[in-house]
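Next come the chains, spelled out residue by residue.
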Amino acid sequence: MTGVRRQWLGGSDGHVEANGVKFGMQDIDQAAAQQIRDLVYDFFAAECDVDRASLNDSTRIIEELEGDSLMFLSLLEKIRKRHGIGIELKTLARHLMKKPANTIGQVIELSLAIVRHGDDVVNVEL
Amino acid sequence: MTSSTWNSETRGLLLGVGIDVELVARFASLVPSGNPLPMVFTEVEVAHSAVQGDPAFALCAAFCVKEALFKALGGPIDPLGCQVFACAGGQEPRVEIGPSLRAEIGEATLEVRLFEEGGEVIAAVILRGEGA
């Protein structure tokens, strides 16, 4: 897990418990954030068979790349495996209903939030 | 695409309808040595798909049904809260609803249909409740 420093604040399972709610958090350094950024760009370039140089943070995933939920879930699985995070899809879907990720930049922002906050991402303002 | 006709066999107040379409070929690359999407498929579903003549179809159908269910309910579900066992060849899928999802849909009944057409799977879910 290069570049990602687990910054758990207590608990043998790596979580902090407050008011009966468990929170976990990873602090991400700049190199790790760049890795996630590269992963997202490489993923969409490969999946959508486009030149990576033609993509930017404003590229709209559905309209311009014909992206869909399967594509998003495959990306999420790569991130989940690489960073060892556990997140429930229902939690994430709830977050996405409040704050959709329509562009590559927004997916990167969401990916970083998922790695940082896991299931608690639903309470995070992006 | 040719036309497909489905006459619903259930009665009751219509609570929701969800439809999803996916290309089976997209799931061929996911046909696993392990679980390709552990947030979506249970280990039992993956094991079921592995022994089918067309494992990609089974995964594709399970994915479609879960997406259609999400749409029928109009809000997020835990995809692991139900298990979908499908096989190619026109048989209806077997759908098992787990306790967490059952708690969300209550007494509502689910009707699930799968269509195969030109390399695509189309899943339709109708959710009905009391009344009418």
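To start, this report covers the structure provided alongside it. Only a predicted model underlies this, so the values are computations on that prediction, with no experimental measurement involved.

What follows concerns the state of the cysteines. By the definition in use, this model includes zero disulfides over all chains. Of all cysteine sulfurs in the structure, the one in B:Cys60 sits closest to A:Cys48, which takes part in no disulfide; the separation is 18 Å. With relative accessibility at 15%, the residue A:Cys48 sits in the buried group. Not part of a disulfide, B:Cys87 finds its nearest cysteine sulfur in B:Cys60, a span of 14 Å.

Computed from the structure, the largest pocket encloses a volume of approximately 720 Å³. Taken together, 25 residues line the largest pocket, and the ones lying closest to its centre are A:Ser69, A:Phe72, A:Leu96, B:Glu67 and B:Phe70. Counting residues per element, the ones that place at least two in the lining of the largest pocket are helix 2 (61-65), helix 3 (69-83) and helix 4 (89-98) of chain A together with helix 3 (55-73) of chain B. With five residues, helix 4 of chain A is the largest single contributor of residues to the lining of the largest pocket. Residue composition of the lining of the largest pocket, grouped by class: 19 nonpolar, three polar and three charged. What the second largest pocket holds in volume is close to 330 Å³. Residue lining of the second largest pocket: A:Glu47, A:Leu70, A:Met71, A:Ser74, A:Glu77, A:Lys78, A:Lys81, B:Arg26, B:Ser29, B:Leu30, B:Pro36 and B:Leu37, and that is the complete set.

On to the sheet that holds strand 5 (residues 120-129) of chain B. Two strands in a sheet stick together by hydrogen bonds in their backbones, pointing the same way (parallel) or opposite ways (antiparallel). Residue and element names in this part refer to chain B. The three strands are arranged 1-5-4 in an open sheet whose pairing can be described as antiparallel. Both outer strands of the open sheet, strand 1 (13-23) and strand 4 (109-117), are each paired with one neighbouring strand and no more. The mean angle between the axes of side-by-side strands here comes to 15°, regardless of whether they run parallel or antiparallel. Most of the contacts of helix 3 go to strand 1, to which it runs at about 145°, and overall it touches strand 1, strand 4 and strand 5.

Residues and elements named next belong to chain A. Look at helix 1 (residues 30-47) against helix 3: their axes get within 11 Å of each other, and the N-to-C directions meet at 145°. Pair helix 1 / helix 3 crosses with right-handed handedness. Along the contact surface, helix 1 presents Gln35, Ile36, Leu39, Val40, Phe43, Phe44 and Glu47, while helix 3 presents Met71, Ser74, Leu75, Lys78, Ile79, Arg82 and His83.

Another aspect to go through is the interface of chain B and chain A. Taken together, the contact between chain B and chain A spans 18 residues of the former and 15 residues of the latter. With both sides pooled, the region where chain B packs onto chain A buries about 1400 Å², and carbon together with sulfur makes up 69% of that total. The largest share of the area that chain B buries against chain A comes from B:Arg26, B:Met39 and B:Pro76, three residues that together contribute 45% of it. Counting the contacts that link chain B with chain A gives two salt bridges. Linking B:Arg26 and A:Asp68 is a salt bridge whose minimum nitrogen-to-oxygen distance equals 2.4 Å. Taken together, chain B and chain A are joined by three residue pairs in polar contact (both at pLDDT 80 or more). Residue assignment for the side of chain B that touches chain A shows that the elements contributing at least two residues are helix 1 (25-28) and helix 3 of chain B. Within the side of chain B that touches chain A, the residues separate by chemical class into 11 nonpolar, two polar and five charged.

Residues and elements named next belong to chain B. Residues Cys82 and Val84 point to one face of strand 2 (residues 82-85) and Gln83 and Phe85 to the other, with burial holding for every one of them. Across four bridges, the pairing between strand 2 and strand 3 (residues 94-97) is antiparallel. Pairing of Cys82 across the sheet is with Ile97, part of strand 3.

Rules behind the numbers
- Residues numbered from 1 in each chain as written.
- Chains lettered and ligands numbered in written order.
- Predicted model: local features only at pLDDT ≥ 70, side-chain atom pairs only at ≥ 80, totals over all residues.
- Heavy atoms only, no water.
- Disulfide = S-S within 2.5 Å.
- Buried < 20%, exposed > 50% of the residue type's maximum accessible area, 1.4 Å probe, protein only.
- 1 Å grid on protein atoms, 1.4 Å probe; cavity = no way out; pocket = protein on both sides within 12 Å on 5 of 7 lines; lining within 4 Å.
- Points joined across faces, edges and corners; volume = space filled by probe spheres on them.
- Helix = DSSP H or I, 4+ residues; strand = E, 2+ residues; numbered from the N terminus.
- Nonpolar A, V, L, I, M, F, W, Y, C, P; charged D, E, K, R; others polar.
- Pairing = 2+ DSSP bridges.
- Axes fitted to C-alpha atoms, helices over the stretch in contact; angles between N-to-C directions.
- Contact = heavy atoms within 4.5 Å.
- Left-handed = near helix turned anticlockwise from the far one by under 90°.
- Buried area = accessible area lost by both parts, 1.4 Å probe.
- Salt bridge = Lys/Arg side-chain N within 4 Å of Asp/Glu carboxyl O.
- Polar contact = N/O pair within 3.5 Å; in protein donor to acceptor, adjacent residues only side chain to side chain.

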